[in-house]
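# A closer look at the structure
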Amino acid sequence: MNRNTKINALLLLVVAALAVLPLALGLGDDEKEPFAGADAQAETAITEIDPGYEPWFSPLYEPPSGEIESALFALQAALGAGVLAYYFGLRRGRRQGELRAGAPQEDGGRAGESAARRT
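In this section: the overall build of the protein. Helix and strand counts for the protein stand at four helices and zero strands. Its helices and strands taken in sequence order, the protein reads α-α-α-α from the N to the C terminus. The 119 residues of the protein split such that 2% are buried. If you sum the accessible surface of the protein, you get close to 11200 Å²; carbon and sulfur atoms cover 62% of it.

Now the structure itself:
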């Protein structure tokens, strides 16, 4: 097993542990909504501190249910991950192309000479 494989396996185990441990340990069992988002928890805390608080802004679009809101959030995350993956893949491909273009050819550069004569 090479070093990169070991690192990838370790990272996979850490991600799996982060996903499973809160469920296995029962974290949040004493709460009404144990896995509510930070926005909902902040809203609850603010209304407890100041019941007459009025928000400065209202959302442009309010989804009809929490499931749709979660689906839209997941779609947004997937699109962002896709854009980042495309960008990093493009950069890596360009870098590899530059390295290949700058590397000496195995046949001593004769392939480039013969291609130049044909044109």
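With that settled, consider the layout of surface pockets. One number sums up the size of the largest pocket: a volume of about 770 Å³. What lines the largest pocket is a set of 24 residues, among which Asp39, Ala40, Glu43, Glu62 and Glu69 lie closest to the centre. Counting only elements with at least two residues in the lining of the largest pocket, the list comes to helix H2 (38-49) and helix H3 (66-102). Here the lining of the largest pocket gets seven residues from one element, more than from any other, and that element is H2.

The next subject is a negative patch on the surface. Among the surface-exposed residues, Asp39, Glu43, Glu62 and Glu69 lie close enough to one another that they form a single negatively charged patch. With respect to the helices and strands, Glu69 occurs in helix H3.

Moving on, we get to helix H1 (residues 3-25). When the terminal C-alpha atoms of H1 are compared, their 32 Å separation across 23 residues agrees well with the 33 Å that a helix rising 1.5 Å per residue should span. Taken as a whole, H1 carries its principal kink of about 30 degrees at Ala19; the proline Pro22 stands between one and four residues after it. In terms of burial, H1 is a largely surface element, zero of the 23 residues being buried. Looking at the residues trailing H1, positive phi occurs at Gly26, about 75 degrees.

Time to look at the packing of aromatic side chains. Scanning the model with the defined rule gives one aromatic pair in all. Ring plane angle 65 degrees and centroid distance 5.3 Å describe the contact between Tyr87 and Phe88, whose orientation is recorded as edge-to-face. Tyr87 gets classed as partly exposed once you look at its relative accessible area, which sits at 41%.

Right, let's get into the confidence of the model for the protein. Detailed conclusions should not be drawn from predicted coordinates in areas where pLDDT is low. Counting all residues, the mean pLDDT for the protein is 84, and 82% of those residues have values of 70 or more. Looking across the protein, the model is least confident in helix H4 (residues 110-118), with a mean pLDDT of 54, and most confident in H3, with 93.

Attention now moves to a nonpolar patch on the surface. Judged by side-chain polarity, Leu60, Tyr61, Ile68, Leu72, Leu75 and Leu79 come together as a nonpolar surface patch covering roughly 680 Å² of accessible area. As for its placement among the helices and strands, Tyr61 is situated in the loop between H2 and H3.

Our focus in this paragraph is the environment of Pro55. Locating Pro55 in the fold gives a position in the loop between H2 and H3. Along the backbone, Pro55 and Glu43 are twelve residues apart, and their C-alpha atoms lie at a distance of 9.7 Å.

So, how was this worked out
Residues numbered from 1 in each chain as written. Predicted model: local features only at pLDDT ≥ 70, side-chain atom pairs only at ≥ 80, totals over all residues. Heavy atoms only, no water. Helix = DSSP H or I, 4+ residues; strand = E, 2+ residues; numbered from the N terminus. Buried < 20%, exposed > 50% of the residue type's maximum accessible area, 1.4 Å probe, protein only. Areas by Shrake-Rupley, 256 points an atom, 1.4 Å probe, with all protein chains shown as cover. 1 Å grid on protein atoms, 1.4 Å probe; cavity = no way out; pocket = protein on both sides within 12 Å on 5 of 7 lines; lining within 4 Å. Points joined across faces, edges and corners; volume = space filled by probe spheres on them. Patch = residues over 30% accessible without salt bridge, like charges linked within 9 Å, V, L, I, M, F, W, Y side chains within 5 Å. Salt bridge = Lys/Arg side-chain N within 4 Å of Asp/Glu carboxyl O. Lys, Arg positive; Asp, Glu negative; His and termini not counted. Charge placed at Lys NZ, Arg CZ, Asp CG, Glu CD. Expected span 1.5 Å × (residues − 1). Bend = angle between axes of the 7 residues up to and from the residue. Phe/Tyr/Trp six-rings, centres within 6.5 Å; stacked < 30°, edge-to-face > 60°. pLDDT = per-residue confidence, 0-100.

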